[in-house]
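Summary of structural features
So the chains spell out like this:
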Amino acid sequence: MSEVLQRGNRRRRDPTHALPSVVDMERSTLVVAGAGMVARRLVEALVERDATSRWDVEVYGEEVHAPYDRVALTSYFGLSGPEELLLGDASLWDTPGVTLHTGTAVESVDAAARTVVVGGRERRYDALVLATGSYAAVPPVEGADLRGCFVYRTVDDLDALRAWVSERGEALGRPVRGAVVGGGLLGLEAAGALTTLGTDTTVVEFADRLMPVQVDAGGGEALRRLVEGLGVAVRTSTATSRVVADDAGRVTRMEFATGDPLDVDVVVFATGVRPRDELARGAGLAVHPRGGVLADAACRTSDPAVYAVGEVACVSDRVWGLVGPGYTMAEVVADRLLGGEATFADADLSTKLKLLGVDVASFGDAFGTTPDSLEVVYADPVQGLYKKLVLSDDASTLLGGVLVGDASAYGSLRPLVGHPLGGDPAAWLLPESAEGPTTGALPDAATVCSCNNVTAGTVRCAVTEQGCTDVAGVKACTKAGTSCGSCVPMVKQLLQAQLAEAGIEVGNDLCEHFSLSRAQLFDVVRVSGIRTFSELLAAHGRGRGCDVCRPVAASILASLYQEHVLDGERAALQDTNDHVMANMQKDGTYSVVPRIPGGEVTPEGLIVIGQVAQDFGLYTKITGGQRIDLFGARIEQLPAIWSRLVDAGFESGHAYGKSLRTVKSCVGSTWCRFGVQDSVGLAVALELRYRGLRSPHKIKLGVSGCARECAEARGKDVGVIATDQGWNMYVGGNGGFTPRHAQLFAEDLTTEQLVRAIDRFLMYYVRTADRLQRTAPWVESVEGGIDAIRAVVLDDSLGIAADLDAAMDAHVGGYRDEWAATLEDPEKLRKFASFVNAPDVADPDLAYVPERGQKRPATAEERGVVIGGPTLPVRTAGGPL
Amino acid sequence: MTTFLDAPDAPPTLVPVCRLDDLHPDRGAAALVDGRQVALFRLADTDEVRAVSHRDPFTGANVIARGLVGSRGDVPIIVSPLHKQAFDLRTGRCLDDPDVSLDTYTVDVVDGVVHVGVPQTG
Ligand SMILES: Cc1cc2nc3c(=O)[nH]c(=O)nc-3n(C[C@H](O)[C@H](O)[C@H](O)COP(=O)(O)OP(=O)(O)OC[C@H]3O[C@@H](n4cnc5c(N)ncnc54)[C@H](O)[C@@H]3O)c2cc1C
Ligand code: SF4
Ligand code: FES
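Residues numbered from 1 in each chain as written. Chains lettered and ligands numbered in written order. Predicted model: local features only at pLDDT ≥ 70, side-chain atom pairs only at ≥ 80, totals over all residues. Heavy atoms only, no water.

1. Concerning the overall build of chain B
Keep this limit in mind: Numbered from the N terminus, helices here are DSSP runs of H or I no shorter than four residues, and strands are runs of E no shorter than two. Burial classification: accessible surface area is computed with a 1.4 Å probe over protein chains only, and a residue below 20% of its type maximum counts as buried, one above 50% as exposed, and the rest as partly exposed. Contacts between residues were defined by any pair of non-hydrogen atoms, one from each residue, lying within 4.5 Å.
Counting its secondary structure elements, chain B contains one helix and ten strands. Secondary structure elements of chain B occur, N-terminal to C-terminal, as α-β-β-β-β-β-β-β-β-β-β. With 122 residues in all, chain B has 48% of them scored as buried. Sequence separation of at least 24 residues holds for 42% of the intrachain contacts in chain B that already meet a minimum separation of 6.

Written out as structure tokens, the structure reads:
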């Protein structure tokens, strides 16, 4: 205890920096009060950012359930139990450093002492997040607390409502009569629920229309017709004055300021929500006069160690009653806890729902409050359709809209708010063309998923960079579509457009030449023993092949047989870079990357690389994978460059291949005073083991010598982190546009166990992944996910471990440096001729200019002045041609 | 008139470039023909040779010979190695952008020697 107190005291000296800095490796405690939707997202964001390496996260929730999907609450009546409402991956709560206490309320907060009281006991915190959400507000109407009156907020509320309706139904022997007070979003949800339970339902609304906050008068009218058409009675402009009890104290009648009384057996109050800010009030934190814990753009309350997120928070001077803004706040706080600078900008309040089978959507400036804005309205009272778009004064930019009766265009329209609509506005509103123009027009910056703040660009990138090929993959990768789901059709459209653009066939087929997936093709090749593309095409495909199936076949043949990429027919299958075993750059020259295993290089080696770069006039840059990239090599120079490198003991780095790239390492226990294992030694061994392994996409590994993780191993496909007992293995990480942290796969392995586990993991991936699918989406796509893969790798659940081991042993035993082999074979060397009739002549169109002491390709404008070739003297290579 | 527009001024001059055996089936090779950079492709299934310009019209880089040969439907194609646009090997037309095309050249194989036709100028 005293140690804990001391820690707390030291930090309290500087309240604005209440949070530990990066060098401070002591663990701190984060208490989260409330275990609702936003609390869950906060924990998820923290785990993704690996904050648990520094924070112990204690989450207290008053409800007995783990956080569930409150947005989908109404669907609970159709489900078998609360588990089905659970959000995301339940394993989140098993993450080391995270503890969820359900059925445990935080009773009070002492901000000065930095303690909370839980179960009568004090707990210290270094940072506290209030995520207590809202409670359902019941208006001060006489009789509102009678038996048979309910609110609509939690699973327990719904259980109680259902029990009451079924009990009354049995006792009365007739349909139960129900009323919902409140005709807004929540009220219509509740009316839907009552109808599902078989109740005759009346909705009572004080305003002159349904959903007054979201839709305008015209929309409200269409909505009323639709709702009435479904057998739900609607009374608008009606104030409830009293609820009357029968002899047993149960509701029996409602009376109103105007109009006839209504006989009822059950009443649901859905008249709005109020922030549960009582903890903050008790702790003396600033609250808004109308409720809500006051917080700044960092979501920090008047006490810098206390944050508020979700419906309890009053940020930008208002409370936000939707889950999307809450999620954004959770991300902001996660970032802040790690020393970031994220802020909460005003959020999107668009809504779309399907209530009683009726579509309602409202987005952007739904009421046309922007000065001089124009409205385009399509209304069909008979069909109950009402659609309105709000446009800028020149009718070009979409500002907002209301859709009632048919909201199919919502997914396409909402992301366009603030952007040109493109085409005739009427095209979006007419019944037959509700899809409007295609997603092609959507700018990358447009938000597609407002719940999770995901842009069109991010979705497109998930396809092009992460190899996602289905909606499930994109959801896993970007979180788009994982909350309210209204954006899923849009996400799907974007996905399909992007797949088509990338030439990726939707469905299993690899391309028009093979009706097989990559995994199926792999098995065909493995089982049939086919060793050439022409045989494969003749037996299982059609046509001449293409830039999709040829490289896939080349990769499969290389994975299985370790034969040279330029041997025989295979020379005509290799993609851009494999074609000459170097990376093609924008001007058609290449970059060259010798392998530097584990990033360990001798001074002599460095000198050779420098000398080669100097002699051939190459631009040099250090890569992120701890090696050196040499740019600007012409095709006919490659053999000469490599003969120098090979002579000095270097070999191909496979920077050009869909294959193992690097095993990044920190310096580890050999030098570092914190290291517990020899990370460099292991990295070198792993890199030498897997070098040359051809795979569906590039593979990167990392090894850190202790939990400080200086090698950023968890950003790799396979990450290894040293422990006192051995090695922890993580899988499925990557950098790039949609970075992913690798997940823990196995703990405290010996080196031998570790190597076997990586062998099998990689081989299983090589055999079963889709083309251009990295390990993260692959892990998601395997049925059963990471647990299933763990079972295959560690417990041999499929009985293929021996086979995978044999395949990896064959790879390791059969490895030969491709470049050394090329240099020995005149037939292969002929493929590096610049021109078949002038093998040593440089491409006369290449032009360079100096920059920061090196050369770079001239731009189009510069080429106008730099006439006739290289400006830097380039020594002609006396290559073996 | 029409006849005049369609016909070249004079038949192209055929220049010997390399032996057929120098061309690896389905793997392109660049050639310098009368100062022009030409990409040659010997198709594996029919053994015919096709010649198009070596310059990628989308980037200006001379790389077309280093692309992959294949087919789309019945069309024999070459795919640019830089940004993967496909071109019809018979007409040079880009299948992904109708406004762009490669130049095409006549090819004649005589006694195992590949000749490429360059248009006569002037
Ligand atoms: C029927 C219904 C439909 C909805 N539909 C939509 C929709 O379509 N779109 C949309 O964006 N939003 C919708 N919402 C709103 C959305 O559910 C909320 O915005 C969201 O749940 C807010 O998340 P939160 O974590 O802030 O609060 P909550 O999810 O309410 O979680 C707060 C949790 O904290 C607990 N708690 C409170 N005090 C304490 C304490 N002292 N100690 C411990 N625990 C405590 C509470 O019991 C609760 O479990 C809907 C809500 C309902 C009820
Ligand atoms: S991760 Fe490596 S470099 Fe970093 S502290 Fe640990 S052993 Fe040292
Ligand atoms: S907009 Fe709600 S999940 Fe995407």
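2. A short note on the overall build of chain A
The criterion, for reference: The accessible surface values rely on the Shrake-Rupley method and a 1.4 Å probe; as for residues, cover is taken only from the protein chains in view.
When helices and strands are counted, chain A shows 25 helices and 39 strands. Burial statistics for chain A: of 881 residues in total, 54% are counted as buried. Restricting to contacts in chain A with at least 6 residues of sequence separation, those with at least 24 account for 63%. Just so you have it, chain A exposes about 35,600 Å², and 52% of that area is on carbon and sulfur atoms.

3. Re the site of ligand 2
Convention followed: Being near a molecule or strand, for a residue, comes down to having at least one heavy atom within 4 Å of it. Under the grouping applied here, Gly and all other residues not named as nonpolar or charged are polar, the nonpolar ones being Ala, Val, Leu, Ile, Met, Phe, Trp, Tyr, Cys and Pro and the charged ones Asp, Glu, Lys and Arg.
Residues in close proximity to ligand 2 include Cys666(A), Gly668(A), Cys672(A), Phe674(A), Gly675(A), Gly705(A), Cys706(A), Arg708(A), Glu709(A) and Cys710(A), which together make up its full environment. Residue classes in the shell around ligand 2 are distributed as five nonpolar, three polar and two charged.

4. Looking at the interface of chain B and chain A
Convention followed: Note on definitions: buried area is the accessible-area loss of two parts on being combined, 1.4 Å probe, summed for both. For salt bridges, the criterion is a side-chain nitrogen of Lys or Arg within 4 Å of an Asp or Glu carboxyl oxygen. Side-chain atoms alone can form a polar contact between residues adjacent in sequence; in general such a contact is a pair of N or O atoms within 3.5 Å, and within protein one must be able to donate a hydrogen while the other accepts it.
Contacts between the two partners involve 34 residues from chain B, matched on the other side by 38 residues from chain A. Summed over both sides, the interface of chain B with chain A buries roughly 2,800 Å², with 50% coming from carbon and sulfur. Looking at the side of chain B facing chain A, the largest losses of area belong to Arg27(B), Arg66(B) and Leu68(B), adding up to 28% of the total buried there. Between Arg550(A) and Asp26(B) there is a salt bridge, and its shortest N-O distance comes to 2.7 Å. Here chain B is connected to chain A by 20 residue pairs in polar contact (both at pLDDT 80 or more). Looking at the side of chain B that touches chain A element by element, the count peaks at five residues for strand β5 (residues 68-72) of chain B.

5. Re the nonpolar core
All names here are of chain A. Rules: Residues grouped as a nonpolar core are buried Ala, Val, Leu, Ile, Met, Phe, Trp, Tyr and Cys residues, joined through side-chain atoms within 4.5 Å.
Counting 93 residues, the largest nonpolar core has Leu30, Val32, Val57, Tyr125, Leu130 and Leu413 as its most contacted members. What Val32 contacts, discounting residues up to four positions off in sequence, is Ala39, Leu42, Val57, Glu58, Val59, Tyr60, Val129 and Ala131. Grouped together as the second largest cluster of nonpolar side chains are 63 residues, Val525, Leu537, Val552 and Leu762 included.

6. Considering the pairing of strand β7 (residues 127-130) of chain A
All names here are of chain A. Quick note on the threshold: When DSSP finds at least two bridges between two strands, those strands are taken to pair.
Neither face of β7 is open: one carries Ala127 and Val129, the other Leu128 and Leu130, and all of them are buried. Sheet topology note: the β7/strand β19 (residues 306-308) ladder contains three bridges and is parallel. By the bridge assignment for β19, Leu130 is matched with Ala308.

7. A word on the environment of Gly605(A)
Residues and elements named next belong to chain A. Mapped onto the fold, Gly605 is located in helix α16 (residues 603-616). Judged by its relative accessible area of 8%, Gly605 is buried. Once the C-alpha coordinates of Gly605 and Ala648 are considered, the two residues, 43 residues apart in sequence, prove to be 7.2 Å apart.

8. With respect to the site of ligand 1
Residue and element names in this part refer to chain A. So the rule is basically this: Boundaries of every domain are those given by an automatic assignment or by a domain database.
Around ligand 1, the structure places 29 residues, and the nearest of them are Val38, Glu63, Val106, Arg153 and Glu311. Take Glu62: an N or O atom from its main chain is 3.1 Å from a nitrogen atom of ligand 1. The backbone of Val106 places a nitrogen or oxygen atom 2.9 Å from a nitrogen atom of ligand 1. For ligand 1, whose free accessible area comes to 990 Å², the fraction covered by protein is 95%. If you list the elements that add at least two residues to the shell around ligand 1, you get α2 (37-48) and α4 (185-196). The biggest single contributor to the shell around ligand 1 is α4, with three residues. Residue classes in the shell around ligand 1 are distributed as 14 nonpolar, eight polar and seven charged. Taken domain by domain, the makeup of the shell around ligand 1 includes at least three residues from each of domain 1 (3-135 + 275-337) and domain 2 (149-271).

9. A closer look at the sheet that holds strand β14 (residues 251-256) of chain A
Residues and elements named next belong to chain A. Overall, antiparallel pairing links the three strands, which are arranged β13-β14-β15 in an open sheet. Looking along the sheet, the strands with just one partner apiece sit at the ends: β13 (240-245) and β15 (262-263). Pairing of β14 with β15 involves two bridges; the strand directions are antiparallel. Looking at β15, one finds that Arg253 is bridged to Asp263.

10. Here's the deal with the packing of aromatic side chains
Residue and element names in this part refer to chain A. Just so we agree on the cut-off: In this scheme Phe, Tyr and Trp rings, the latter by its six-membered ring, pair at centre separations within 6.5 Å, and the angle between planes marks the pair as stacked below 30 degrees, edge-to-face above 60, and tilted otherwise. Counted as over-ring charges are cases with an Arg CZ or a Lys NZ within 6 Å of the ring centre that also lie within 35 degrees of the ring normal.
Considering all chains together, one arrives at twelve aromatic pairs over all chains under this definition. Look at Trp819 and Phe832: their rings are 5.2 Å apart centre to centre, the planes differ by 45°, and that puts the pair in the tilted class. One end of the pair, Trp819, is in helix α23 (residues 818-823); the other, Phe832, is in the loop between α24 (826-829) and β38 (848-851), with 13 residues separating them in the sequence. By relative accessible area, Trp819 is classed as buried at 0%. Cluster of aromatic residues (ring-pair linked, three or more members): Phe745, Phe761, Tyr764, Tyr765 and Trp778. Lying across the ring of Trp164, Arg168 places its NZ or CZ 5.9 Å from the centre.

11. Thoughts on the state of the cysteines
Our working definition: Criterion for a disulfide: a pair of cysteine sulfur atoms within 2.5 Å.
The full count for this structure, using the stated rule, is zero disulfides over all chains. Here Cys511(A) is not cross-linked by a disulfide; its sulfur's nearest cysteine counterpart is in Cys549(A), at 3.7 Å.

12. Some details on the packing of α16(A) against helix α17 (residues 638-647) of chain A
Residues and elements named next belong to chain A. Note the following rule: Interaxial angle, 0 to 180 degrees, is taken between N-to-C directions of lines fitted to C-alpha atoms, where a helix line uses only the stretch in contact. The cut-offs work like this: below 35 degrees is roughly parallel, past 145 is roughly antiparallel, 65 to 115 is roughly perpendicular, and the gaps in between are oblique. Crossing handedness: left-handed means the near helix sits turned counterclockwise from the far one by under a right angle, and right-handed means the same turn made clockwise.
α17 packs onto α16 with a crossing angle of 160° between their chain directions and a minimal axis gap of 10 Å. By the criterion of interaxial angle, the relationship of α16 to α17 is roughly antiparallel. When the axes of α16 and α17 are compared, the crossing they make is right-handed. Contacts from Val608, Ile609, Gln611, Val612, Asp615 and Phe616 in α16 reach Ala640, Ile641, Arg644 and Leu645 in α17. Per-class residue counts for the contact of α16 with α17 are seven nonpolar, one polar and two charged.

13. A few points about unusual backbone geometry
Notably, Lys479(A) is not glycine yet its phi reads approximately 75°, a positive angle. Despite not being glycine, Asp34(B) shows a phi value in the positive range, around 55°.

14. Overview of the pattern of salt bridges
Residue and element names in this part refer to chain A. Counted according to the given criterion, the structure contains 61 salt bridges over all chains. Note that Arg174 is salt-bridged to Asp265, the shortest N-O span being 2.9 Å. Of the two residues, Arg174 sits in the loop between α3 (155-172) and β10 (177-181) while Asp265 sits in the loop between β15 and β16 (266-269), which places them 91 residues apart along the sequence. Taking relative accessible area as the criterion, Arg174 reaches 29% and is therefore assigned partly exposed. Assessed through its relative accessible area of 8%, Asp265 is described here as buried. A single salt-bridge network, built from bridges that share partners, covers Arg689, Arg756, Asp759, Arg760, Asp805 and Asp809.

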